[in-house]
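Below are the chains, spelled out letter by letter.
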Amino acid sequence: MLPSGSSASLFSDVNYSIPGAFLFSDLLFKCLDIIENKVDYAIPIKFMYGSPNFLWSGGRLIIKNNFSLYNDEDIEKEIISIKNRNITPLITFSNSKITEDDLKDSRCNYVLSLLNSMNCGVIIASDILRKYIAENFSNISIHASVIFDSFEEKRDSLFYKKLSDIYDYYVVHPDDNFNNLLLDSIPKNNAEILLNEKCHYACKIRKNHYLSISNEQKMLACGKYKSENFLRACSSIPINKQAKTKERNISLTIQELKDIRNKGFTLFKLQGRTDDLSLFFFDFLRYTLENNLVFPTIYPIILHYIEEFKKRLKC
C-alpha cells in the first residue's frame with residue numbers, strides 16, 4: 001500500500017506558492033484531486049500566482065504564448081475558482097519599469113479593486129506600485145518579487161530585513177540558498193525559498209533579463225511588441241543549452257531543501273510558467289510528495305492528464 005496522509009508528503013509542516021493562475025489552474029486542481037483520492041493528502045498550497053496581459057505584468061508567460069486573452073468576467077471567475085480551493089490568488093504585477101503615469105491604467109486598477117474586495121495579493125517589483133497599492137487598496141497583500149534581489153548589489157541580512165519589514169512576503173535570491181550564514185541571519189516568518197531555479201549560479205545577466213522582460217511586457221500591452229532577443233545571450237534558457245556544460249543549474253536537491261527547512265523556512269516557491277508542463281509537474285510533485293513511492297506513482301498518472309490538456313489546447 002502507498003503511504004497515506006502526512007506520510008505521503010515530503011514535509012508535513014510547510015506551504016507552497018506555485019504558478020498556474022490564468023494558465024493551467026484546472027490541470028493543477030485535477031492533480032490535487034487525484035493526490036487526495038489516491039493517498040488522502042492535500043498539498044498545502046498557500047498561493048497561486050499568474051497574470052493575463054496587463055501593462056503592469058511581469059514574467060515570461062505573456063511573451064511566450066497567447067494566454068492573455070481574458071476579459072473582466074474571465075478574470076473574476078479565475079480568482080474565485082482559486083479562492084474556492086482555499087488558495088490565495090496573486091497577480092504578478094511585477095513589471096520593474098512602472099511609472100507614475102502607468103498607475104492611471106484603468107484595467108490594472110479594475111483588477112486591484114477586484115483583488116481588494118476578495119483579500120487577494122500581488123507580486124510586484126516597483127516601489128512606485130508598492131506605495132500606490134498600500135495607500136489605496138488596504139486589503140491586498142503585497143509580495144516582493146525576486147526581481148528586487150537581482151537589482152540589489154549587496155544582498156546581506158540588512159537588505160532582507162528591510163524587504164521583510166516593508167512587504168508581506170519576500171523571496172530569497174536563489175543564489176543565496178547556498179549561503180548558510182546568510183540564511184541563518186535573515187527573517188524567516190515571511191520568506192519564500194525558490195526551489196526550482198533553472199539558471200546557473202551567479203548569473204551575470206539576470207538583471208538585464210528582467211529589464212528586458214519589463215520592456216517587452218510594456219510593449220506588448222500597448223500593442224507594439226518587439227522582441228529584444230534576450231535569450232540569445234543566456235547560457236541556461238532554453239534549457240537544452242544546459243546539455244553543453246557540466247555545470248548544474250541551481251534547482252535545489254531534496255537534501256538541500258531539507259537542510260533549508262531545518263533552518264526554519266516554511267514557505268517554498270516554485271516557478272515554471274514557461275516550462276513544459278511535464279517539467280513543471282515533475283518539479284511540483286517531487287518537492288511536495290514522499291519521493292520513494294508516492295511521487296513515482298502519481299507522476300505517470302498526471303502525465304496522462306497533461307497530454308489530454310495539451311490536446312484540448314490545440315482544439
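Here, every reference points to the structure presented above.
Calculation rules
- What you see as residue numbers is a count from 1 along each chain, following the sequence as written.
- Given that this is a predicted model, residues contribute local features only at a pLDDT of at least 70 and side-chain atom pairs are listed and counted only at 80 or more, while totals for whole chains, interfaces and linings are drawn from all residues.
- Derived side-chain values reflect all non-hydrogen atoms in the structure, with water molecules and hydrogen atoms excluded from consideration.
- Here a strand is any run of E in DSSP of at least two residues, a helix any run of H or I of at least four, and the numbering for each starts at the N terminus.
- Here the term buried applies to any residue with accessible area under 20% of the maximum for its type, exposed to any over 50%, and partly exposed to those in between, with areas from a 1.4 Å probe on protein chains only.
- Two residues form a contact once any of their heavy atoms are found within 4.5 Å.
- For the purpose of counting charges, residues Lys and Arg are taken to be positive, whereas Asp and Glu are taken to be negative. His and the chain ends are not included.
- Note on charges: their place is set at NZ of Lys, CZ of Arg, CG of Asp or CD of Glu.
- Fitted lines through C-alpha atoms give the axes, limited to the stretch in contact for helices. The angle between two N-to-C directions lies from 0 to 180 degrees.
- These descriptions rest on fixed angle ranges, namely under 35 degrees for roughly parallel, over 145 for roughly antiparallel, 65 to 115 for roughly perpendicular, and the rest for oblique.
- Crossings are sorted by hand: turned counterclockwise from the far helix by less than a right angle, the near helix makes the crossing left-handed, and turned clockwise it makes it right-handed.
- In this classification, the charged set is Asp, Glu, Lys and Arg, the nonpolar set is Ala, Val, Leu, Ile, Met, Phe, Trp, Tyr, Cys and Pro, and all remaining amino acids, among them Gly, are polar.
- At least two bridges found by DSSP between two strands is the condition for calling them paired.
- Put simply, a salt bridge is a Lys or Arg side-chain nitrogen that is within 4 Å of an Asp or Glu carboxyl oxygen.
- Centres within 6.5 Å make a pair out of two Phe, Tyr or Trp rings, where for Trp the six-membered ring is used; the pair is then stacked when the planes are under 30 degrees apart, edge-to-face when over 60, and tilted otherwise.
- Helix span is expected to be 1.5 Å times the residue number reduced by one.
- Counted as a polar contact is a pair of N or O atoms within 3.5 Å, where, for protein atoms, one must be capable of donating a hydrogen and the other of accepting one, and residues adjacent in sequence contribute only when both atoms are in side chains.

**Observations concerning the overall build of the chain**
- The helix and strand inventory of the chain stands at 12 helices and eight strands.
- If you line up the chain on its principal axes, its C-alpha atoms span 60 × 50 × 40 Å.
- Per-residue burial for the chain yields a buried fraction of 54% across its 315 residues.
- In the chain, once contacts between residues fewer than 6 apart in sequence are set aside, the share between residues at least 24 apart is 73%.
- Charge centroids of the chain, computed over 40 positive and 38 negative side chains, lie 5 Å from each other.

**Remarks on the packing of helix H1 (residues 25-39) against helix H11 (residues 277-286)**
- Viewed as axis vectors pointing N to C, H1 and H11 meet at an angle of 40°, and their least axial separation amounts to 13 Å. With respect to H11, the axis of H1 lies oblique. Seen from above, H1 lies across H11 with right-handed handedness. Of H11, the residues touching H1 (which contributes Leu27, Leu28, Cys31, Leu32 and Ile35) are Leu277, Phe280, Phe281, Phe284 and Leu285.
- Of the residues assigned to the contact of H1 with H11, the class counts are 10 nonpolar, no polar and no charged.

**Details of the sheet that holds strand E7 (residues 191-194)**
- The strand order around the closed barrel formed by eight strands is E1-E2-E3-E4-E5-E6-E7-E8, and the pairing between neighbours is parallel. The mean angle between the axes of side-by-side strands here comes to 25°, regardless of whether they run parallel or antiparallel.
- As paired strands, strand E2 (residues 45-50) and strand E3 (residues 88-93) are joined by four bridges and run parallel to one another. By the bridge assignment for E3, Gly50 is matched with Ile91.
- Contacts from helix H4 (residues 106-117) reach E3 and strand E4 (121-124) within the one sheet, and its direction differs from that of E3 by about 160°.

**Some details on the pattern of salt bridges**
- The full count for this structure, using the stated rule, is 17 salt bridges.
- The partner of Lys154 in a salt bridge is Asp156, and the shortest N-O contact between them spans 3.8 Å.
- Asp184 is the salt-bridge partner of Lys263, the closest N and O atoms lying 2.9 Å from each other. Placement of Lys263 in the loop between helix H10 (254-261) and strand E8 (267-269) and of Asp184 in helix H8 (residues 180-185) is noted, with a sequence separation of 79 residues between them.

**Brief notes about the packing of aromatic side chains**
- This structure, assessed with the given rule, holds 20 aromatic pairs.
- Ring geometry for Trp56 against Phe93: centres 5.1 Å apart, planes inclined by 80°, an arrangement best described as edge-to-face. In this pair, Trp56 sits in the loop between E2 and helix H2 (61-64) while Phe93 sits in strand E3, placing the two residues 37 residues apart along the sequence.
- Residue classification places Trp56 among the buried residues on the basis of a relative accessible area of 0%.
- With relative accessibility at 0%, the residue Phe93 sits in the buried group.
- Residues Phe282 and Tyr299 carry aromatic rings whose centres are separated by 5.9 Å and whose planes lie at 75° to one another, so their mutual orientation is edge-to-face. Taken together, the residues Phe282 in helix H11 and Tyr299 in helix H12 (residues 294-314) connect sequence positions 17 residues apart.
- Given the relative accessible area of 16%, Tyr299 is considered buried.
- What links up through ring pairs into an aromatic cluster is the set Phe54, Trp56, Phe93, Tyr132 and Phe137.

**Side note on H4**
- End to end, H4 covers 17 Å across 12 residues, agreeing with the expected 16 Å (1.5 Å per residue, within 8%).
- Within H4 the residues assigned to the buried category are Cys108, Asn109, Val111, Leu112, Leu114, Leu115 and Asn116.
- In this structure, the buried side of H4 is in contact with helix H3 (72-83), E3, E4 and helix H5 (127-136).
- Between a side-chain oxygen at the N-terminus of H4 and the backbone nitrogen of Arg107 the separation is 3.3 Å; the capping residue is Asp105.

**Observations regarding H1**
- In this model, H1 (15 residues) spans 21 Å end to end at C-alpha, consistent with the 21 Å of a helix rising 1.5 Å per residue.
- Of all the residues in H1, the buried ones are Ser25, Leu27, Leu28, Phe29, Cys31, Leu32, Ile34, Ile35 and Val39.
- Where H1 terminates, the next one or two residues include Asp40, which has phi positive at roughly 55°.

Functional significance is not addressed by these values, which are geometric in nature.
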